[in-house]
Amino acid sequence: IPNGGGAVWPADRYSGFQSTESFNRFFGDGRTLGYGVAVNGLEAVANGATRLFVRYVEPLSPAAQSVALAGGLQRGDEILAINNTPVATLIAADDFSALTPDAAGNALRLDVRRGAGPTIVVVLSAAEFALTPVQSGQRVFSQNGRRIGYVFVKDMISQVGSPLGTTMTSFRNQGIDDLVLDLRYNGGGLVSMGGTVASYASGSPHDGKVYARLLYNDKQSGNNRTFNFGNPGAWAGFPRVYVLMGERTCSASEQVINGLRGVGVDAVLIGDVTCGKPVGFLPRDNACGTTYSIVNFEGVNARNEGRYFNGLTPTCAVAEDFSQPIGDTGEDDNIGDP
């Protein structure tokens, strides 16, 4: 632990392992195996709620392609039961594992209600599909005389690069004044890709400055590494960046916020406290089909700030509205409000 660990260094709650096949599928191919539906389980458990809603659907997933409901499952659909178990039981047990299949072809039954409509049974078959890590990239609106561009970045994987570049070029050509960067469901990924996302936001004034330093312990300090801001958009960036965040904003996506702050970018944080993971891994394959991700380093910004184990606190705390489409200006996240 660099400098002795400071006053507080909590127990490791981050390390883990997964099949190498799953790891390579996600980080190499930008694909995953699943149903493609996520719910507001964290919020329901924390608030003692008895109702469960769809919060996110992967665009190319079985959930999005289901014909049982018009347009497939959608954010805001209410889940009444999962595999015939009432959601109140699942919330009380904090058990949503049924949404994660063991293999392709696994079946998932959801009893769903859309609005005031009838209960509809939706049966999904687990399949492998391509992730869509950048969405809603062309959404532009005006507020208080300023043109604001919105982009949703779901995963910090290499497949972010091309669509994000297209989006940012469009923002530049439209003369966008401020950026809304939606990282609410971004659980992290590659430090380098987080640096690319931050570099599009920061632009030429910070080109070459320190984005993040990865610090190992005193026995491994030779592995310490620095990532610098670039200027992939070849422009001045944004003077202000609104970041939508929450409990699922984690690791490399938190590092984006910390990195922008480190060079003085005005990052206005809207939503809920982030997950609190200022550390990272160098994943290792054991050559027997398992990849281990064990904490190797901590990350700090240009001002040597890090160790936000309790999460990053929002500038404006706002509860998420699961009834509105992601990125809709009707969401209660007050996108663009100063």
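One can find the structure itself at the top, above this paragraph.
Residues numbered from 1 in each chain as written. Predicted model: local features only at pLDDT ≥ 70, side-chain atom pairs only at ≥ 80, totals over all residues. Heavy atoms only, no water.

A. The sheet that holds strand 18 (residues 284-285), seen in detail. If you trace the 3 strands from one edge of the open sheet to the other, you get 1-19-18, paired in antiparallel fashion. One side of each edge strand has no neighbouring strand; the edge strands of this open sheet are strand 1 (16-19) and strand 18. Where strand 18 lies against strand 19 (residues 290-293), 2 bridges are found, and the strand directions are antiparallel. By the bridge assignment, Arg284 is partnered in strand 19 with Tyr292. Along the sheet, helix 1 (residues 20-27) makes contact with strand 1, strand 18 and strand 19, crossing strand 1 at roughly 90°. (Pairing = 2+ DSSP bridges. Helix = DSSP H or I, 4+ residues; strand = E, 2+ residues; numbered from the N terminus. Contact = heavy atoms within 4.5 Å. Axes fitted to C-alpha atoms, helices over the stretch in contact; angles between N-to-C directions.)

B. Seen up close, the packing of helix 5 (residues 161-173) against helix 6 (residues 191-202). Contact geometry for helix 5 and helix 6: axes closest at 11 Å, N-to-C directions at 5°. With respect to each other, helix 5 and helix 6 are oriented roughly parallel. Where helix 5 abuts helix 6, its residues Gly161, Leu164, Gly165 and Met168 lie against Met193, Val197 and Tyr200. Its residues placed into classes, the contact of helix 5 with helix 6 shows 5 nonpolar, 2 polar and no charged. (Parallel < 35°, antiparallel > 145°, perpendicular 65-115°, else oblique. Nonpolar A, V, L, I, M, F, W, Y, C, P; charged D, E, K, R; others polar.)

C. View of the packing of helix 6 against helix 7 (residues 252-262). Relative to each other, helix 6 and helix 7 sit at 45°, their axes nearing to 9 Å. In terms of their interaxial angle, helix 6 and helix 7 are classed as oblique. The two elements helix 6 and helix 7 cross, and the hand of that crossing is right-handed. Mapping the contact onto sequence places Val191, Gly194, Ala198, Ala201 and Ser202 in helix 6 and Gln255, Val256 and Leu260 in helix 7. When the residues that make up the contact of helix 6 with helix 7 are grouped by side-chain class, the tally is 5 nonpolar, 3 polar and no charged. (Left-handed = near helix turned anticlockwise from the far one by under 90°.)

D. Focus on the sheet that holds strand 17 (residues 279-281). A sheet is described by the order of its strands in space; here 4 strands give the open sequence 14-13-20-17, paired in antiparallel fashion. Whereas interior strands pair on both sides, the edge strands pair on one side only; in this sheet they are strand 14 (225-228) and strand 17. Recorded for the sheet is a direction-independent mean angle of 30° between the axes of neighbouring strands. Most of the contacts of helix 6 go to strand 13 (residues 210-215), to which it runs at about 160°, and overall it touches strand 13 and strand 14.

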